[in-house]
Amino acid sequence: MTPVIFLGSLLGAMAFGMPIAFALLLSGVCLMMYMGMFDTQIIAQNLINGANSFPLLAVPFFILAGEFMNAGGISRKIIQFALTLVGPIRGGLGYVSIIAAVIFAGLSGSAVADTAALGAILIPMMVKAGYDRNRSAGLVAAGGIIAPVIPPSIAFIIFGVTSDVSITKLFLGGIVPGLMMGVALVFTWWLMARKEKAEKMPRASFKDILIALKEASWALILPVIILAGLRGGIFTPTEAAVVAAVYALLVGVFIYRSLSFTTVYKCLLGAAKTTSVVMFLAAAAMVSSWLITVANVPATITEFLGPLLENPMLLMIMINILLVLVGTAMDMTPTILIMTPVLMPIIIQAGIDPVYFGVLFVLNCSIGLLTPPVGTVLNVAAGVGRTSMEGIMKGVMPFLIAECVVMVLLILFPSLVTVPLEWLHR
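Residues numbered from 1 in each chain as written. Predicted model: local features only at pLDDT ≥ 70, side-chain atom pairs only at ≥ 80, totals over all residues. Heavy atoms only, no water.

### Let's talk about helix 4 (residues 58–71)
- Here helix 4 is 14 residues long and its end C-alpha atoms lie 20 Å apart, about the 20 Å a rise of 1.5 Å per residue gives.
- Residues of helix 4 that are buried: Ala 58, Val 59, Phe 62, Ile 63, Leu 64, Ala 65, Gly 66, Phe 68 and Met 69.
- Buried-residue contacts for helix 4 involve helix 5 (74–86), helix 9 (154–163), helix 10 (167–173), helix 12 (206–231), helix 13 (237–255) and helix 14 (261–294).
- Following helix 4 by one or two positions, Gly 73 has its phi on the positive side, about 80 degrees. (Helix = DSSP H or I, 4+ residues; strand = E, 2+ residues; numbered from the N terminus. Expected span 1.5 Å × (residues − 1). Buried < 20%, exposed > 50% of the residue type's maximum accessible area, 1.4 Å probe, protein only. Contact = heavy atoms within 4.5 Å.)

Structure representation (C-alpha coordinates):
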(Lines give C-alpha, C1' and ligand atoms only; values in the text may rest on other atoms or scores of the structure.)
Protein backbone atom coordinates (compact mmCIF):
# COMPACT_ATOMS: atom_id res chain seq x y z
CA MET A 1 0.00 0.00 0.00
CA THR A 2 2.88 2.39 0.72
CA PRO A 3 3.97 2.61 -2.98
CA VAL A 4 0.38 3.49 -3.90
CA ILE A 5 0.23 6.23 -1.25
CA PHE A 6 3.57 7.69 -2.35
CA LEU A 7 2.94 7.60 -6.10
CA GLY A 8 -0.71 8.61 -5.78
CA SER A 9 0.06 11.73 -3.75
CA LEU A 10 3.06 12.63 -5.93
CA LEU A 11 1.27 12.25 -9.26
CA GLY A 12 -1.88 13.86 -7.89
CA ALA A 13 0.03 16.95 -6.74
CA MET A 14 1.81 17.17 -10.10
CA ALA A 15 -1.50 16.83 -11.95
CA PHE A 16 -2.75 19.94 -10.12
CA GLY A 17 0.30 21.84 -11.36
CA MET A 18 2.30 21.84 -8.12
CA PRO A 19 6.08 22.27 -8.63
CA ILE A 20 7.85 18.93 -8.39
CA ALA A 21 9.94 19.87 -5.33
CA PHE A 22 6.79 20.75 -3.36
CA ALA A 23 5.03 17.65 -4.73
CA LEU A 24 7.89 15.54 -3.35
CA LEU A 25 7.51 17.15 0.06
CA LEU A 26 3.75 16.62 0.00
CA SER A 27 4.11 12.95 -0.97
CA GLY A 28 6.60 12.54 1.88
CA VAL A 29 4.17 14.11 4.36
CA CYS A 30 1.36 11.83 3.11
CA LEU A 31 3.55 8.78 3.51
CA MET A 32 4.59 9.84 7.03
CA MET A 33 0.97 10.37 8.05
CA TYR A 34 -0.01 6.99 6.64
CA MET A 35 2.80 5.35 8.63
CA GLY A 36 1.83 7.29 11.75
CA MET A 37 5.23 8.98 12.15
CA PHE A 38 4.63 12.58 11.09
CA ASP A 39 7.34 14.82 12.54
CA THR A 40 8.40 18.22 11.20
CA GLN A 41 11.91 17.71 12.63
CA ILE A 42 12.43 14.68 10.37
CA ILE A 43 11.40 16.75 7.36
CA ALA A 44 13.72 19.61 8.32
CA GLN A 45 16.71 17.33 9.00
CA ASN A 46 16.34 15.49 5.71
CA LEU A 47 15.94 18.75 3.80
CA ILE A 48 19.22 19.99 5.25
CA ASN A 49 20.99 16.66 4.66
CA GLY A 50 19.74 16.57 1.08
CA ALA A 51 21.51 19.81 0.20
CA ASN A 52 24.49 19.38 2.55
CA SER A 53 26.61 17.27 0.18
CA PHE A 54 30.18 17.93 -0.96
CA PRO A 55 29.75 16.12 -4.33
CA LEU A 56 26.67 18.27 -5.04
CA LEU A 57 28.91 21.34 -4.91
CA ALA A 58 29.99 20.32 -8.40
CA VAL A 59 26.54 21.22 -9.74
CA PRO A 60 26.68 25.03 -9.24
CA PHE A 61 30.25 25.20 -10.53
CA PHE A 62 29.53 23.22 -13.71
CA ILE A 63 26.43 25.36 -14.26
CA LEU A 64 28.56 28.46 -13.78
CA ALA A 65 31.19 27.12 -16.19
CA GLY A 66 28.44 26.64 -18.78
CA GLU A 67 27.21 30.20 -18.24
CA PHE A 68 30.73 31.59 -18.72
CA MET A 69 31.27 29.52 -21.87
CA ASN A 70 27.97 30.57 -23.44
CA ALA A 71 28.50 34.24 -22.64
CA GLY A 72 32.20 34.12 -23.52
CA GLY A 73 31.63 33.08 -27.13
CA ILE A 74 33.20 29.64 -26.81
CA SER A 75 30.26 28.06 -28.66
CA ARG A 76 30.93 30.29 -31.69
CA LYS A 77 34.62 29.30 -31.74
CA ILE A 78 33.69 25.61 -31.70
CA ILE A 79 31.12 26.03 -34.48
CA GLN A 80 33.61 27.97 -36.62
CA PHE A 81 36.18 25.21 -36.18
CA ALA A 82 33.64 22.53 -37.18
CA LEU A 83 32.62 24.64 -40.19
CA THR A 84 36.16 24.71 -41.56
CA LEU A 85 36.36 20.90 -41.27
CA VAL A 86 33.05 19.62 -42.66
CA GLY A 87 31.15 22.70 -43.85
CA PRO A 88 31.87 22.23 -47.57
CA ILE A 89 30.57 18.63 -47.88
CA ARG A 90 26.95 17.73 -48.70
CA GLY A 91 24.85 18.31 -45.57
CA GLY A 92 27.86 19.99 -44.02
CA LEU A 93 25.97 22.20 -41.57
CA GLY A 94 24.27 19.13 -40.14
CA TYR A 95 27.63 17.51 -39.44
CA VAL A 96 28.80 20.81 -37.95
CA SER A 97 25.83 20.67 -35.57
CA ILE A 98 26.69 17.13 -34.47
CA ILE A 99 30.43 17.77 -34.04
CA ALA A 100 29.76 20.99 -32.13
CA ALA A 101 27.24 19.18 -29.90
CA VAL A 102 29.74 16.44 -29.01
CA ILE A 103 32.51 18.96 -28.28
CA PHE A 104 30.23 21.23 -26.30
CA ALA A 105 28.92 18.22 -24.35
CA GLY A 106 32.43 17.87 -22.93
CA LEU A 107 32.27 21.44 -21.67
CA SER A 108 28.91 22.22 -20.07
CA GLY A 109 27.13 18.99 -19.05
CA SER A 110 23.70 20.59 -19.58
CA ALA A 111 21.43 19.54 -22.45
CA VAL A 112 19.26 22.65 -22.24
CA ALA A 113 22.26 25.02 -22.24
CA ASP A 114 23.88 23.25 -25.20
CA THR A 115 20.68 23.21 -27.22
CA ALA A 116 20.00 26.89 -26.58
CA ALA A 117 23.57 27.98 -27.33
CA LEU A 118 24.05 25.92 -30.49
CA GLY A 119 20.48 26.28 -31.75
CA ALA A 120 20.56 30.07 -31.62
CA ILE A 121 23.54 30.05 -34.00
CA LEU A 122 23.11 26.97 -36.16
CA ILE A 123 19.37 26.74 -36.85
CA PRO A 124 19.19 30.18 -38.58
CA MET A 125 22.35 29.28 -40.55
CA MET A 126 20.84 25.98 -41.69
CA VAL A 127 17.52 27.53 -42.66
CA LYS A 128 19.27 30.29 -44.60
CA ALA A 129 21.34 27.66 -46.45
CA GLY A 130 18.15 25.88 -47.55
CA TYR A 131 17.78 23.10 -44.96
CA ASP A 132 14.35 22.14 -43.66
CA ARG A 133 13.64 24.16 -40.48
CA ASN A 134 11.97 21.32 -38.57
CA ARG A 135 14.69 18.83 -39.44
CA SER A 136 17.41 21.33 -38.50
CA ALA A 137 15.80 22.07 -35.12
CA GLY A 138 15.31 18.33 -34.53
CA LEU A 139 18.97 17.61 -35.24
CA VAL A 140 20.15 20.32 -32.85
CA ALA A 141 17.81 19.00 -30.15
CA ALA A 142 19.01 15.42 -30.66
CA GLY A 143 22.62 16.59 -30.46
CA GLY A 144 21.87 18.58 -27.31
CA ILE A 145 20.91 15.51 -25.27
CA ILE A 146 24.43 14.09 -25.67
CA ALA A 147 25.54 16.61 -23.01
CA PRO A 148 24.27 14.65 -19.96
CA VAL A 149 26.05 11.48 -21.16
CA ILE A 150 29.53 12.75 -22.06
CA PRO A 151 31.46 14.03 -19.03
CA PRO A 152 31.33 16.39 -17.28
CA SER A 153 27.66 15.66 -16.62
CA ILE A 154 25.41 17.28 -14.03
CA ALA A 155 23.05 14.29 -14.34
CA PHE A 156 25.84 11.86 -13.41
CA ILE A 157 26.67 13.99 -10.36
CA ILE A 158 23.05 13.90 -9.16
CA PHE A 159 22.77 10.16 -9.83
CA GLY A 160 26.10 9.46 -8.10
CA VAL A 161 25.11 11.42 -5.00
CA THR A 162 21.65 9.81 -4.85
CA SER A 163 22.88 6.24 -5.41
CA ASP A 164 26.30 6.48 -3.68
CA VAL A 165 28.04 5.40 -6.90
CA SER A 166 31.45 6.77 -7.90
CA ILE A 167 30.92 9.93 -9.96
CA THR A 168 34.37 9.54 -11.53
CA LYS A 169 33.46 6.06 -12.80
CA LEU A 170 30.14 7.37 -14.12
CA PHE A 171 31.99 10.13 -15.97
CA LEU A 172 34.39 7.66 -17.58
CA GLY A 173 31.59 5.19 -18.30
CA GLY A 174 29.65 7.79 -20.28
CA ILE A 175 32.38 8.50 -22.86
CA VAL A 176 31.72 5.58 -25.24
CA PRO A 177 27.88 5.76 -25.11
CA GLY A 178 28.06 9.52 -25.73
CA LEU A 179 30.30 9.03 -28.74
CA MET A 180 28.00 6.27 -29.98
CA MET A 181 25.10 8.73 -29.88
CA GLY A 182 27.15 11.13 -31.99
CA VAL A 183 27.99 8.40 -34.52
CA ALA A 184 24.33 7.37 -34.69
CA LEU A 185 23.35 10.96 -35.49
CA VAL A 186 26.07 11.21 -38.15
CA PHE A 187 24.83 8.03 -39.85
CA THR A 188 21.18 9.14 -39.69
CA TRP A 189 22.02 12.59 -41.05
CA TRP A 190 24.07 11.01 -43.84
CA LEU A 191 21.01 9.04 -44.91
CA MET A 192 18.81 12.13 -44.83
CA ALA A 193 21.29 14.68 -46.22
CA ARG A 194 21.24 12.99 -49.63
CA LYS A 195 17.72 14.39 -50.09
CA GLU A 196 18.71 17.91 -49.06
CA LYS A 197 19.29 20.49 -51.80
CA ALA A 198 20.91 23.08 -49.56
CA GLU A 199 23.84 25.15 -50.73
CA LYS A 200 27.33 24.04 -49.74
CA MET A 201 29.62 26.16 -47.62
CA PRO A 202 32.81 27.47 -49.24
CA ARG A 203 35.82 25.22 -48.79
CA ALA A 204 38.24 26.48 -46.15
CA SER A 205 41.96 26.62 -46.82
CA PHE A 206 44.47 24.79 -44.65
CA LYS A 207 45.43 28.16 -43.17
CA ASP A 208 41.80 28.88 -42.25
CA ILE A 209 41.56 25.49 -40.55
CA LEU A 210 44.69 26.20 -38.49
CA ILE A 211 43.36 29.63 -37.49
CA ALA A 212 40.00 28.15 -36.44
CA LEU A 213 41.79 25.39 -34.52
CA LYS A 214 43.92 27.96 -32.73
CA GLU A 215 40.83 30.01 -31.81
CA ALA A 216 38.95 26.94 -30.55
CA SER A 217 41.93 25.27 -28.84
CA TRP A 218 41.26 27.01 -25.52
CA ALA A 219 37.81 25.46 -25.48
CA LEU A 220 39.00 22.04 -26.69
CA ILE A 221 41.61 21.81 -23.93
CA LEU A 222 39.04 21.94 -21.11
CA PRO A 223 37.56 18.40 -21.53
CA VAL A 224 41.13 17.04 -21.70
CA ILE A 225 42.02 18.80 -18.44
CA ILE A 226 38.92 17.46 -16.69
CA LEU A 227 39.27 13.85 -17.87
CA ALA A 228 43.03 13.75 -17.31
CA GLY A 229 42.59 15.17 -13.83
CA LEU A 230 39.89 12.66 -12.93
CA ARG A 231 41.71 9.73 -14.53
CA GLY A 232 44.98 10.64 -12.80
CA GLY A 233 43.37 11.25 -9.42
CA ILE A 234 44.55 14.88 -9.42
CA PHE A 235 41.15 16.20 -8.38
CA THR A 236 37.65 15.02 -7.50
CA PRO A 237 34.59 15.75 -9.67
CA THR A 238 33.72 18.66 -7.37
CA GLU A 239 37.21 20.12 -7.72
CA ALA A 240 37.02 19.51 -11.48
CA ALA A 241 33.89 21.67 -11.56
CA VAL A 242 35.75 24.50 -9.83
CA VAL A 243 38.64 24.12 -12.30
CA ALA A 244 36.17 24.27 -15.22
CA ALA A 245 34.45 27.41 -13.89
CA VAL A 246 37.73 29.25 -13.21
CA TYR A 247 39.20 28.16 -16.56
CA ALA A 248 36.10 29.31 -18.48
CA LEU A 249 36.19 32.65 -16.65
CA LEU A 250 39.88 33.23 -17.37
CA VAL A 251 39.54 32.28 -21.05
CA GLY A 252 36.49 34.51 -21.48
CA VAL A 253 38.12 37.50 -19.75
CA PHE A 254 41.76 37.32 -20.84
CA ILE A 255 41.86 35.22 -24.05
CA TYR A 256 38.62 35.98 -25.92
CA ARG A 257 38.03 39.22 -23.98
CA SER A 258 34.28 38.83 -24.29
CA LEU A 259 33.33 38.75 -20.59
CA SER A 260 32.81 42.14 -19.00
CA PHE A 261 32.03 42.81 -15.35
CA THR A 262 28.34 43.15 -16.19
CA THR A 263 28.33 39.88 -18.14
CA VAL A 264 30.09 38.03 -15.32
CA TYR A 265 27.48 39.33 -12.87
CA LYS A 266 24.67 38.09 -15.14
CA CYS A 267 26.38 34.69 -15.39
CA LEU A 268 26.68 34.45 -11.61
CA LEU A 269 23.02 35.43 -11.21
CA GLY A 270 21.85 32.93 -13.84
CA ALA A 271 23.91 30.11 -12.31
CA ALA A 272 22.56 30.93 -8.83
CA LYS A 273 18.95 30.76 -10.04
CA THR A 274 19.47 27.44 -11.80
CA THR A 275 21.39 26.00 -8.85
CA SER A 276 18.64 26.96 -6.40
CA VAL A 277 16.12 24.92 -8.39
CA VAL A 278 18.39 21.86 -8.57
CA MET A 279 19.42 22.01 -4.90
CA PHE A 280 15.86 22.45 -3.65
CA LEU A 281 14.85 19.42 -5.71
CA ALA A 282 17.73 17.42 -4.22
CA ALA A 283 16.76 18.50 -0.70
CA ALA A 284 13.07 17.64 -1.19
CA ALA A 285 13.96 14.31 -2.77
CA MET A 286 15.99 13.36 0.32
CA VAL A 287 12.80 13.48 2.41
CA SER A 288 11.05 11.08 0.03
CA SER A 289 14.17 8.92 -0.31
CA TRP A 290 14.45 8.49 3.46
CA LEU A 291 10.77 7.59 3.76
CA ILE A 292 10.99 5.16 0.82
CA THR A 293 13.77 3.36 2.69
CA VAL A 294 11.90 3.38 6.03
CA ALA A 295 8.71 2.13 4.38
CA ASN A 296 10.72 -0.63 2.67
CA VAL A 297 9.23 0.27 -0.72
CA PRO A 298 12.19 -1.25 -2.67
CA ALA A 299 11.55 -4.62 -1.01
CA THR A 300 7.91 -4.50 -2.12
CA ILE A 301 8.91 -3.72 -5.70
CA THR A 302 11.70 -6.33 -5.60
CA GLU A 303 9.14 -8.95 -4.57
CA PHE A 304 6.93 -7.88 -7.47
CA LEU A 305 9.85 -8.10 -9.92
CA GLY A 306 11.19 -11.29 -8.33
CA PRO A 307 10.89 -13.48 -11.45
CA LEU A 308 13.04 -11.00 -13.42
CA LEU A 309 15.94 -10.86 -10.95
CA GLU A 310 17.47 -14.02 -12.41
CA ASN A 311 17.48 -12.49 -15.91
CA PRO A 312 19.35 -9.15 -15.68
CA MET A 313 18.88 -8.32 -19.37
CA LEU A 314 15.10 -8.78 -19.23
CA LEU A 315 15.05 -6.75 -16.00
CA MET A 316 17.00 -3.94 -17.68
CA ILE A 317 14.57 -3.97 -20.61
CA MET A 318 11.57 -3.68 -18.29
CA ILE A 319 13.19 -0.91 -16.21
CA ASN A 320 14.14 1.06 -19.31
CA ILE A 321 10.60 0.79 -20.70
CA LEU A 322 9.38 2.14 -17.35
CA LEU A 323 11.90 5.00 -17.48
CA VAL A 324 10.88 5.89 -21.05
CA LEU A 325 7.26 6.21 -19.89
CA VAL A 326 8.29 8.27 -16.85
CA GLY A 327 10.48 10.47 -19.07
CA THR A 328 7.49 11.56 -21.13
CA ALA A 329 5.91 13.17 -18.05
CA MET A 330 8.88 14.20 -15.91
CA ASP A 331 12.12 16.13 -16.38
CA MET A 332 15.54 14.51 -15.94
CA THR A 333 16.51 15.75 -12.48
CA PRO A 334 13.30 14.74 -10.65
CA THR A 335 13.28 11.40 -12.48
CA ILE A 336 16.78 10.65 -11.17
CA LEU A 337 15.97 11.84 -7.66
CA ILE A 338 12.69 9.90 -7.41
CA MET A 339 13.48 6.66 -9.25
CA THR A 340 17.07 6.03 -8.14
CA PRO A 341 16.32 5.16 -4.47
CA VAL A 342 13.58 2.80 -5.65
CA LEU A 343 15.54 1.01 -8.38
CA MET A 344 19.08 0.80 -6.97
CA PRO A 345 18.33 -1.97 -4.38
CA ILE A 346 16.75 -4.03 -7.18
CA ILE A 347 19.76 -3.48 -9.45
CA ILE A 348 22.21 -4.51 -6.71
CA GLN A 349 20.19 -7.61 -5.84
CA ALA A 350 20.10 -8.60 -9.52
CA GLY A 351 23.91 -8.32 -9.68
CA ILE A 352 23.94 -5.54 -12.28
CA ASP A 353 26.93 -3.17 -12.27
CA PRO A 354 25.68 0.10 -10.66
CA VAL A 355 27.94 2.20 -12.92
CA TYR A 356 26.58 0.49 -16.04
CA PHE A 357 23.04 1.00 -14.78
CA GLY A 358 23.77 4.65 -14.01
CA VAL A 359 25.00 5.28 -17.55
CA LEU A 360 21.89 3.61 -19.04
CA PHE A 361 19.65 5.46 -16.59
CA VAL A 362 21.04 8.88 -17.55
CA LEU A 363 20.99 8.05 -21.28
CA ASN A 364 17.34 7.02 -20.96
CA CYS A 365 16.50 10.22 -19.06
CA SER A 366 18.31 12.20 -21.78
CA ILE A 367 16.10 10.64 -24.43
CA GLY A 368 13.14 11.64 -22.26
CA LEU A 369 14.15 15.27 -22.84
CA LEU A 370 13.02 14.80 -26.46
CA THR A 371 9.64 13.21 -25.73
CA PRO A 372 6.46 15.30 -25.30
CA PRO A 373 4.59 16.63 -23.43
CA VAL A 374 7.41 17.73 -21.07
CA GLY A 375 10.41 17.32 -23.44
CA THR A 376 12.45 20.24 -22.07
CA VAL A 377 15.08 20.16 -24.81
CA LEU A 378 12.39 19.74 -27.47
CA ASN A 379 10.63 22.86 -26.21
CA VAL A 380 13.89 24.83 -26.13
CA ALA A 381 14.80 23.80 -29.68
CA ALA A 382 11.28 24.63 -30.90
CA GLY A 383 11.51 28.07 -29.31
CA VAL A 384 15.00 28.83 -30.59
CA GLY A 385 14.20 27.43 -34.04
CA ARG A 386 10.85 29.23 -34.24
CA THR A 387 8.92 26.11 -35.15
CA SER A 388 5.83 24.37 -33.77
CA MET A 389 5.88 21.35 -31.46
CA GLU A 390 4.23 19.23 -34.17
CA GLY A 391 6.84 20.34 -36.71
CA ILE A 392 9.87 19.67 -34.54
CA MET A 393 8.46 16.28 -33.52
CA LYS A 394 8.50 15.26 -37.18
CA GLY A 395 12.01 16.64 -37.58
CA VAL A 396 13.47 14.97 -34.49
CA MET A 397 11.88 11.53 -34.94
CA PRO A 398 14.62 9.89 -37.12
CA PHE A 399 17.31 11.10 -34.73
CA LEU A 400 15.31 10.03 -31.68
CA ILE A 401 14.98 6.53 -33.17
CA ALA A 402 18.75 6.42 -33.81
CA GLU A 403 19.51 7.30 -30.17
CA CYS A 404 16.99 4.71 -28.96
CA VAL A 405 18.87 2.14 -31.06
CA VAL A 406 22.06 3.10 -29.19
CA MET A 407 20.27 2.51 -25.88
CA VAL A 408 19.06 -0.91 -27.06
CA LEU A 409 22.60 -1.85 -28.13
CA LEU A 410 23.93 -0.91 -24.70
CA ILE A 411 21.26 -3.06 -23.05
CA LEU A 412 22.08 -6.04 -25.28
CA PHE A 413 25.86 -5.54 -25.05
CA PRO A 414 26.80 -4.22 -21.58
CA SER A 415 30.48 -4.66 -22.43
CA LEU A 416 30.26 -1.49 -24.57
CA VAL A 417 30.21 0.37 -21.24
CA THR A 418 32.03 -1.95 -18.84
CA VAL A 419 35.04 -2.91 -20.98
CA PRO A 420 36.09 0.67 -21.90
CA LEU A 421 35.53 1.62 -18.25
CA GLU A 422 37.90 -1.12 -17.09
CA TRP A 423 40.46 -0.06 -19.69
CA LEU A 424 40.28 3.58 -18.58
CA HIS A 425 40.86 2.55 -14.97
CA ARG A 426 44.04 0.61 -15.68
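### Regarding unusual backbone geometry
- Across the junction of Pro 151 and Pro 152, the peptide omega takes the value 0 degrees, indicating a cis bond.
- Mapped onto the elements, Pro 152 comes out in the loop between helix 8 (133–144) and helix 9.
- In this structure, Asp 164 is a non-glycine residue whose phi angle is positive, near 60 degrees.
- Checked against the element boundaries, Asp 164 lands in the loop between helix 9 and helix 10.
- The exposed category is assigned to Asp 164, whose relative accessible area is 71%.
- One non-glycine residue, Arg 386, adopts positive backbone phi at about 55 degrees.
- Along the chain, the position of Arg 386 falls in the loop between helix 19 (376–385) and helix 20 (389–412).

### What about the confidence of the model for the protein chain?
- Predicted confidence across the protein chain gives a mean pLDDT of 84, with 94% of residues reaching 70 or more.
- Taken element by element, the predicted model of the protein chain shows its lowest mean pLDDT in helix 15 (residues 297–304) (68) and its highest in helix 18 (residues 354–368) (93). (pLDDT = per-residue confidence, 0-100.)

### Quick word on empty space enclosed by the protein
- According to the stated counting rule, one finds 1 cavity of 30 Å³ or more in the structure shown.
- Its volume calculated, the largest cavity comes out at about 40 Å³.
- Met 69, Ile 74, Leu 107, Trp 218, Ala 219, Leu 222, Tyr 247, Ala 248 and Val 251 together form the lining of the largest cavity.
- Looking at the lining of the largest cavity, the elements that each hand over two or more residues are helix 12 and helix 13.
- Grouping the amino acids of the lining of the largest cavity by side-chain chemistry returns 9 nonpolar, no polar and no charged. (1 Å grid on protein atoms, 1.4 Å probe; cavity = no way out; pocket = protein on both sides within 12 Å on 5 of 7 lines; lining within 4 Å. Points joined across faces, edges and corners; volume = space filled by probe spheres on them. Nonpolar A, V, L, I, M, F, W, Y, C, P; charged D, E, K, R; others polar.)

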